[in-house]
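# Examining the three-dimensional arrangement
If you want the building blocks of each chain, they are given just below.
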Amino acid sequence: MTLQDVLLELVQRLGSGRDTTIAWEQVREWPKGAIEVFQEAGWLKPSVAASAVECPGCEQNCFMPVHVLSSQNLQPARAYVACDKRDDIGRVTISMPRLRQWQITESQVARWLSESLGLKGKPDQDKTSGVFALGSFQGKKRLGALEFEIAESACLKSSGHSLPLLQIVSVKRNQLSIDRGAVVDLVDLPPALESKGGDEPSTARSKARRRVVPIKNGNRKTDSNVGSAEWRRQTARAAANAKHDQPGGSRDKQKKIQDIWGMGKYSSRDICAEQECAALGMSFSAARKALRNKRSP
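Reference entry: report on the structure contained in this document. (Residues numbered from 1 in each chain as written. Predicted model: local features only at pLDDT ≥ 70, side-chain atom pairs only at ≥ 80, totals over all residues. Heavy atoms only, no water.)

Here we take up the nonpolar core. One finds Phe38, Trp43, Phe148 and Leu165 to be the most contacted residues of the largest nonpolar core, which totals 44 residues. When neighbours within four sequence positions are excluded, Leu165 is seen to be in contact with Val11, Trp43, Val109, Leu113, Phe148, Ala154 and Cys155. (Core = buried A, V, L, I, M, F, W, Y, C linked by side-chain atoms within 4.5 Å. Buried < 20%, exposed > 50% of the residue type's maximum accessible area, 1.4 Å probe, protein only. Contact = heavy atoms within 4.5 Å.)

Here it is as structure tokens:
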């Protein structure tokens, strides 16, 4: 696993209805120094300690509540799990670092984007749409308003065009970096409603420009729908669905872990997720979430 893989994992967590808490079980799979890289950038913030963990007392790895004894009489704080599944285990000691958790939110990422691009002011989130207005960004030919949106997938938007976040953010020399040239190309594109074939400005960054995704009309019944809020939601949803449904996408992986669980090979969902997540290219938390509420075989 690389720092770029961690970046991918974090961006995929962003969005409405997704769990933004990063547990120790997930972080332990990350490369050394990954936490520091994303904490320094402001993407991750320490969160409350975990109240439940996987018990390491036996091969079942049950998900159990944690009991914490506060420090007293020069004794440091201690944590343990009280096993009630087997008579030969009892208390199982849990190291305190294992209870650590972190959180990523879209507001933290929006703030980083604004600072990285040198924009003035703080990102302003629309309470209805959830879109962040980042401010005005000067391209080579245009001054464009930038927005950060997480409807179905994280992206930058300007004048009806969108640019996936994962295509402009990367980790270089243990630091998060943004491709300003690609953002310049995004802003320099003519507004989508005025753009015609061949009207896009030529640029030396043709490769970067191809990454920009112009929003296309998802409903051709009437021209008045083009550019409307509903039209933008539909096209964003269609693009995200196509990405997630492709072979090797998140939904494909979810189906595979669910099929494996349905074979009855494992005695618990936790064990199934732990044993199969690496082979499927999933984090433990993502695999476990995919098995949530699935009937036992």
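A few words on the sheet that holds strand 6 (residues 78-82). In space, the three strands of this open sheet follow the order 5-6-7, with antiparallel pairing throughout. What marks the edges here is a single partner per strand, and that holds for strand 5 (67-69) and strand 7 (91-94). The sheet shows a mean angle of 35° between the axes of neighbouring strands, taken without regard to direction. Bridge count between strand 5 and strand 6: three bridges; the pairing is antiparallel. For His67, the partnering residue across the bridge sits in strand 6 and is Tyr80. (Pairing = 2+ DSSP bridges. Helix = DSSP H or I, 4+ residues; strand = E, 2+ residues; numbered from the N terminus. Axes fitted to C-alpha atoms, helices over the stretch in contact; angles between N-to-C directions.)

Viewed as axis vectors pointing N to C, helix 1 (residues 3-13) and helix 3 (residues 34-41) meet at an angle of 55°, and their least axial separation amounts to 10 Å. The angle between helix 1 and helix 3 falls in the class oblique. Helix 1 and helix 3 meet at a crossing whose hand is right-handed. Only Ala34, Val37 and Phe38 of helix 3 make contact with helix 1, whose side of the interface consists of Leu3, Val6, Leu7 and Leu10. The class makeup of the residues in the contact of helix 1 with helix 3 is seven nonpolar, no polar and no charged. (Parallel < 35°, antiparallel > 145°, perpendicular 65-115°, else oblique. Left-handed = near helix turned anticlockwise from the far one by under 90°. Nonpolar A, V, L, I, M, F, W, Y, C, P; charged D, E, K, R; others polar.)

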